[in-house]
Amino acid sequence: MTEAILLVGGKGTRLRPLTVHTPKPMVPAAGVPFLTHQLARARAAGVDHIVLATSYLAEVFEPHFGDGSALGLHLEYVTEKEPLGTGGAIRNVAERLRSGPDEPVLIFNGDILTGLDIRALVDTHESTGADVSLHLTKVTDPRAYGLVPTDDTGRVLAFLEKPQTPEEIVTDQINAGAYVFRRSVIDTIPAGRPVSVERETFPDLLAAGAHLQGMVDSTYWLDLGTPAAFVRGSADLVMGRAPSPAVPGRRGDRLILPTARVAPDAKLTGGTVVGEGAFVAEGARVCGSTILPGAVIEPDAVVTDSLIGSRARVGERSVLTGAVVGDGAVVGADNELRDGVRVWCDARIPAGAVRFSSDQ
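Computed from a predicted structure; not experimentally measured.

K.L.:
Is there a simple way to think about empty space enclosed by the protein in this case?
P.N.:
Any empty space left between the atoms is revealed when a probe the size of a water molecule rolls over them. Overall, the coordinates contain one cavity of 30 Å³ or more when judged by the stated rule. In this model, the largest cavity occupies a volume close to 190 Å³. Lining the largest cavity are 18 residues, and of these Gln38, Arg41, Phe108, Ile112 and Thr114 lie nearest its centre. For the lining of the largest cavity, the class distribution of residues is 11 nonpolar, six polar and one charged.

K.L.:
I tried to follow the nonpolar core on my own but got confused; where do I start?
P.N.:
Nonpolar side chains tend toward joint burial in soluble globular proteins. Grouped together as the largest cluster of nonpolar side chains are 28 residues, with contacts concentrated most on Ile5, Ile107, Phe181, Ile186 and Phe202. Those elements giving two or more residues to this core turn out to be strand 1 (3-7), strand 4 (49-54), helix 3 (85-92), strand 6 (104-109), strand 8 (132-138), strand 9 (173-182), helix 5 (183-186) and helix 6 (197-207). Setting aside its immediate chain neighbours within four residues, Ile5 contacts Val51, Ile90, Val93, Leu97, Val105, Leu106, Ile107, Phe108 and Ile186.

K.L.:
Whenever I open this one, the environment of Val280 confuses me. Can you help?
P.N.:
Relative to the elements of secondary structure, Val280 occurs in strand 16 (residues 279-280). Owing to a relative accessible area of 0%, Val280 belongs among the buried residues under this scheme. Sequence separation between Val280 and Arg41 is 239 residues, and the spatial gap between their C-alpha atoms is 31 Å. The residues touching Val280, leaving out its near neighbours within four places in the chain, are Arg261, Val262, Ala263, Ala266, Leu268, Val274, Val286 and Ile297.

K.L.:
Looking at this model, I keep getting lost on the layout of surface pockets. Mind explaining?
P.N.:
Taken as a whole, the largest pocket holds about 1300 Å³ of empty space. At the level of secondary structure, the elements contributing two or more residues to the lining of the largest pocket comprise helix 3, strand 9, helix 6 and strand 11 (221-223). Here the lining of the largest pocket takes five residues from strand 9, the largest share from any one element. Class assignment of the residues belonging to the lining of the largest pocket gives a composition of 22 nonpolar, 14 polar and 10 charged. Around the second largest pocket, the lining is made up of 18 residues, and of these Pro227, Ala228, Val231, Asp305 and Gly322 lie nearest the centre.

K.L.:
How should I be thinking about the UniProt feature "domain: Nucleotidyl transferase" (unreviewed entry) in the protein chain in this particular structure?
P.N.:
Feature annotation in UniProt places "domain: Nucleotidyl transferase" (unreviewed entry) on residues 4-236, given in this structure's numbering. A distance of 25 Å separates the end C-alpha atoms of residues 4-236, which is 26% helix and 23% strand.

K.L.:
Explain the sheet that holds strand 22 (residues 313-314) here, please?
P.N.:
Across a sheet, paired strands are connected by hydrogen bonds in the backbone, their directions being either parallel or antiparallel. Strand order in the open sheet formed by six strands is 13-16-19-22-25-28, with parallel pairing between adjacent strands. Looking at strand neighbours, the two that pair on one side only are strand 13 (261-262) and strand 28 (348-349), the edges of this open sheet. Of the pairings in the sheet, the one linking strand 13 to strand 16 comprises two bridges and is parallel in character. Note that in strand 16 the partner of Val262 across the bridge is Val280.

K.L.:
Could you clarify how one ought to interpret the environment of Ile349 in this entry?
P.N.:
You can see Ile349 is positioned in strand 28. Residue Ile349 is classed as buried on the basis of its relative accessible area of 15%. Placed 17 residues apart in sequence, Ile349 and Gly332 show a C-alpha to C-alpha distance of 5.5 Å. Not counting residues within four places of it along the chain, the set of residues in contact with Ile349 comprises Val330, Val331, Gly332, Asn335, Leu337, Val343 and Val354.

K.L.:
Which parts of the structure should I look at to understand the domain arrangement of the protein chain?
P.N.:
Interfaces are frequently sized by the accessible area removed from exposure as the parts join. Once the domains are mapped, the protein chain shows domain 1 (2-223) and domain 2 (253-349). Relative to domain 2, the C-alpha centre of domain 1 lies at a distance of 33 Å. Counting residues at the interface gives 11 residues for domain 1, matched by 13 residues for domain 2. Buried area between domain 1 and domain 2, summed over both chains or domains, comes out near 970 Å², and the portion from carbon and sulfur atoms is 70%. If you sort the residues of domain 1 by the area they bury against domain 2, Pro17, Leu18 and Pro28 come out on top, with a joint share of 49%. Joining domain 1 to domain 2, the criterion identifies zero salt bridges. At the surface where domain 1 touches domain 2, the tally comes to two residue pairs in polar contact (both at pLDDT 80 or more).

The rules behind each value
- Residues numbered from 1 in each chain as written.
- Predicted model: local features only at pLDDT ≥ 70, side-chain atom pairs only at ≥ 80, totals over all residues.
- Heavy atoms only, no water.
- 1 Å grid on protein atoms, 1.4 Å probe; cavity = no way out; pocket = protein on both sides within 12 Å on 5 of 7 lines; lining within 4 Å.
- Points joined across faces, edges and corners; volume = space filled by probe spheres on them.
- Nonpolar A, V, L, I, M, F, W, Y, C, P; charged D, E, K, R; others polar.
- Core = buried A, V, L, I, M, F, W, Y, C linked by side-chain atoms within 4.5 Å.
- Buried < 20%, exposed > 50% of the residue type's maximum accessible area, 1.4 Å probe, protein only.
- Helix = DSSP H or I, 4+ residues; strand = E, 2+ residues; numbered from the N terminus.
- Contact = heavy atoms within 4.5 Å.
- UniProt positions renumbered as here; feature names shortened; annotations may be inferred.
- Pairing = 2+ DSSP bridges.
- Domains from an automatic or database assignment.
- Buried area = accessible area lost by both parts, 1.4 Å probe.
- Salt bridge = Lys/Arg side-chain N within 4 Å of Asp/Glu carboxyl O.
- Polar contact = N/O pair within 3.5 Å; in protein donor to acceptor, adjacent residues only side chain to side chain.

Structure (structure tokens):
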């Protein structure tokens, strides 16, 4: 296998305000754009040609990655004029592929952090003679996902929408968002209109008698679609729980980028990342959080499981837990921000304006 399609066109609406100025795959995780981890893992599996299917803020990708030579890859970029969905995006880049009709093409999503054995998925695809092979993973609570039951040989039997009742939960296997397509199957996807592989392509192939093979790989898997998940994924990369050859430093409790500054008595734990040019002041405590480039954490602030945007500022003694602070925003001193709060880009919260506890 020598080529892949990487789907990076989504708007990342669940991650806003982080994605107001930055496409989701380019938000830094463990010190580099998340996409860097995916590209590096694909390269390590033997892929050398990748076509990026872009749409939202498409102009950001090529200036950063160029032709891919720095990563040992050949990258190409195809931009959708209108969003085409997963299947439509795959079909839209087909003319850039070099594979023959029966050769495998790896396809993966730009928001999944996984330890998938990519070579094993391709080997399964080739050994079973499948038309499409899917990475499946097992989850404890599958109600939020589409279910993919298989027979005892791994052949896919059905695609079931999110179950609503216990009786509908016939398997704990879900579609994990990585596929291998026989090249000729890609050409059967309708061109020029939105298509969902999950709701249209795969069920139609199954109904037509095509061979869809599932491979269960229950190593690390995380959908980075929400701020909480993104922060967790970044921390897991830093601590070595999630695999990537692209983490720019040693695995451990923290990752401090070269031009970042951290006061000697500041405490960084839980896979915290301090980005380029950021500053963590004296007495601050930061756990399991991502501090993006140029951000400032002022003295005695406490930041836990949060993501602080580029050039943002967290004021003295402020306490943030499970919060997202957008690029350029300022949280004044003595504020308390709790789980799920999102401070929009360039917003200003005055000192002592938001609290969940008494002022004593």
